[in-house]
Amino acid sequence: QVQLVESGGGLVQPGGSLRLSCVASGSIFSIYTMGWYRQAPGKQRELVAAITSKGDTNYADSVKGRFTVSRDNYKKTVNLQMSSLKPEDTALYYCNANLVSQMQRRDYWGQGTQVTVSA
């Protein structure tokens with residue numbers, strides 16, 4: 001059984017910062033890409049940032065220069081440092097990992113952590 005557990009969400013004022021963390025646990029053979037998606041009410045889930053096992057990163061245009069994704073392959077964690085937050089960043093943020101477990105490779109998701117940017 002594989003689990004992704006997120007932490008670090010909350011309420012922050014515009015211009016503030018938050019750090020999200022996600023740890024993967026369970027019967028994991030290897031992890032490929034890890035990343036963060038978000039879904040705002042009435043909108044589709046979208047990619048925020050992703051990072052490969054080699055450290056290559058990909059960001060949504062809307063967060064470039066404000067968010068930084070990082071990972072620790074040994075600890076099986078991925079983090080998202082968010083700065084200069086805007087009200088439009090408000091969403092439920094999901095951790096994602098593409099990994100091999102029980103000889104199968106597929107995507108796993110966390111339960112989501114709420115980020116609210118409001119004065």
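Look up: the structure comes first, before these words.
Residues numbered from 1 in each chain as written. Predicted model: local features only at pLDDT ≥ 70, side-chain atom pairs only at ≥ 80, totals over all residues. Heavy atoms only, no water.

Attention shifts here to the overall build of the chain. Looking only at helices and strands, one finds zero helices and 11 strands in the chain. Counted from the first residue to the last, the chain has its helices and strands arranged as β-β-β-β-β-β-β-β-β-β-β. Its C-alpha atoms give the chain a radius of gyration of 14 Å, within 12% of the compact-globule value 14 Å for 119 residues. Referenced to the eigenvectors of the C-alpha coordinate spread, the extents of the chain come out at roughly 45 × 25 × 25 Å. Going through the 119 residues of the chain one by one, you find that 41% of them count as buried. Sequence-distant contacts, at least 24 apart, represent 55% of the contacts inside the chain between residues at least 6 apart. Of the roughly 6600 Å² of accessible surface on the chain, a fraction of 47% belongs to carbon and sulfur atoms. Charge separation in the chain, taken as the distance between the mean sites of 13 positive and 8 negative side-chain charges, equals 4 Å. (Helix = DSSP H or I, 4+ residues; strand = E, 2+ residues; numbered from the N terminus. Rg over C-alpha atoms; globule rule 2.2 N^0.38 Å. Buried < 20%, exposed > 50% of the residue type's maximum accessible area, 1.4 Å probe, protein only. Contact = heavy atoms within 4.5 Å. Areas by Shrake-Rupley, 256 points an atom, 1.4 Å probe, with all protein chains shown as cover. Lys, Arg positive; Asp, Glu negative; His and termini not counted. Charge placed at Lys NZ, Arg CZ, Asp CG, Glu CD.)

Taken as a whole, this structure holds one aromatic pair when the rule is applied. Taking the centre distance of 5.0 Å and the plane angle of 70 degrees together, the rings of Tyr-37 and Trp-109 count as edge-to-face. Of the two residues, Tyr-37 is situated in strand E4 (residues 30-39) and Trp-109 in strand E10 (residues 104-109); the sequence distance between them amounts to 72 residues. With relative accessibility at 36%, the residue Trp-109 sits in the partly exposed group. Positioned above the aromatic ring of Tyr-94 is the side chain of Arg-45, whose terminal nitrogen or guanidinium carbon lies 3.8 Å from the ring centre. Over the aromatic face of Trp-109 sits the side chain of Arg-45, whose NZ or CZ is 4.6 Å from the ring centroid. (Phe/Tyr/Trp six-rings, centres within 6.5 Å; stacked < 30°, edge-to-face > 60°. Lys NZ or Arg CZ within 6 Å of the ring centre and 35° of its normal.)

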